[in-house]
Amino acid sequence: MAMKKLYRLGWLSLGLLAAFAAQAQPFSFVALGDLPYGDETRAYPPYRALISNINKIKPPFSIHVGDIKSGSTLCSDPEFEAQSGHFNRFDAAVVYTPGDNEWTDCHRANNGAYEPQERLQALRQRFFTPGQSLGKAPLQLQNQSTVDAAHAKFIENQRWLHQQVLFVTLHIVGSNNNFEVRDPSAVAEYFERDKANVAWIRDAFALAKQSSAKAIVFAMQADVFESKSSLEDFPGYSGFRNSIGNTLLPLAAESTMPVLLIHGDSHLFRFDQPFSLNKKPLKNLTRLIVPGAGDVRAVHVTVDARERMPFAVRLIEIEK
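Residues numbered from 1 in each chain as written. Predicted model: local features only at pLDDT ≥ 70, side-chain atom pairs only at ≥ 80, totals over all residues. Heavy atoms only, no water.

Novice: So what exactly am I meant to see when it comes to the state of the cysteines here?
Specialist: Simply put, the disulfide is a covalent bond whose two ends are the sulfur atoms of two cysteines. Overall, the coordinates contain 1 disulfide when judged by the stated rule. In this model Cys 75 forms its disulfide with Cys 106; the gap between the sulfur atoms is 2.0 Å. With the S-S dihedral at roughly -85 degrees, the linkage between Cys 75 and Cys 106 falls on the left-handed side. Of this pair, Cys 75 sits in the loop between strand S4 (61–64) and helix H3 (77–87) while Cys 106 sits in the loop between strand S5 (93–96) and helix H4 (116–127), and the two are 31 residues apart along the sequence. (Disulfide = S-S within 2.5 Å. Helix = DSSP H or I, 4+ residues; strand = E, 2+ residues; numbered from the N terminus.)

Novice: I'm lost on helix H7 (residues 184–210) in this one. Help?
Specialist: Within an α-helix, residues lying three or four positions from one another point in the same direction, as the helix has 3.6 residues per turn. Its 27 residues give H7 an end-to-end C-alpha distance of 39 Å, which sits within 8% of 39 Å, the value for a rise of 1.5 Å per residue. One or two steps after H7, the chain reaches Ser 212, where phi turns positive at roughly 60 degrees. (Expected span 1.5 Å × (residues − 1).)

Novice: What exactly am I supposed to notice about the sheet that holds strand S7 (residues 142–143) here?
Specialist: Where strands meet in a sheet, backbone hydrogen bonds hold them as pairs that are either parallel or antiparallel. Pairing within the open sheet is mixed, and its 7 strands lie in the order S7-S8-S9-S10-S11-S15-S12. Sheet topology places S7 and strand S12 (270–272) at the edges, where each strand pairs with a single neighbour. Relative to strand S15 (residues 285–289), S12 runs antiparallel, the two being bridged by 3 bridges. The residue bridging Phe 271 from the neighbouring strand is Leu 288, located in S15. (Pairing = 2+ DSSP bridges.)

Novice: Explanation requested: the pattern of salt bridges in the structure shown.
Specialist: A pair can form between side chains of opposite charge whenever their charged atoms are brought close. Scanning the entire structure with this criterion turns up 15 salt bridges. The closest approach of N and O atoms between Lys 228 and Asp 233, which form a salt bridge, is 3.4 Å. With a relative accessible area of 42%, Lys 228 lands in the partly exposed category. With a relative accessible area of 23%, Asp 233 lands in the partly exposed category. Residues joined in a network through salt bridges with shared partners are Asp 77, Glu 118 and Arg 119. (Salt bridge = Lys/Arg side-chain N within 4 Å of Asp/Glu carboxyl O. Buried < 20%, exposed > 50% of the residue type's maximum accessible area, 1.4 Å probe, protein only.)

Printed below as a string of structure tokens:
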């Protein structure tokens, strides 16, 4: 196992540092996504080696941000079963949030020409159990389906508290979040799920305040800048306008607490602060893009609110 250099961003003002004086102990977790990609003979061995290296670190939990298969492989039940088996290789808990490759894009001929929403239901039935995560040692968590009757189908939206940090998964996927205006059924699905995501984000900030959480970590699949225009990050046709542009960003700015947004989709590792609101940088909102596809690595995230910036990351690699 090899882990490279530590990446850390600093931003907190002196006025905010006092609020973080009394903290829970530092801890770490692992983030990964867009894995495994390709046929099983080529993609599975390095992915399994990566999981073995994650197990050696002994994190309390890992978060897989979706795309458990590539965009050109079958969305079949045997494929889902194989990936369920991979999640069972994690010694600790693993929390999974869906990506576009395992349902929205499954209509493609090379994916088996499945009906996307049928595949979404199959994902919900196989990978999500009320009140607990995946992995050999599941952690207890809350599902939106059990705490919000208005959005009772969204079992995949999950949250849990760890060492005074609130973790939240959001079902926000690539391919413009399935906001496909040429397909009325996709549009209807998008608006229902978008409304649930907005409610889950609002609930997260309210819960963080109520529980005196010191930070929030959101995890989802989509790179939300995929639909940006030359004038706006979230134009009207963006499937991320309501949930991210009009909800998460303003609430992050209002709260001032540290927020980490983890996603995959674009496969290029980044740890930065690209978000702004009303042309002002949001320096309490940090982004982590996990590597993936041909880049079979994960990210070891350390959380220590005693630091000027509570999040730091290292890459986890497999032996060559």
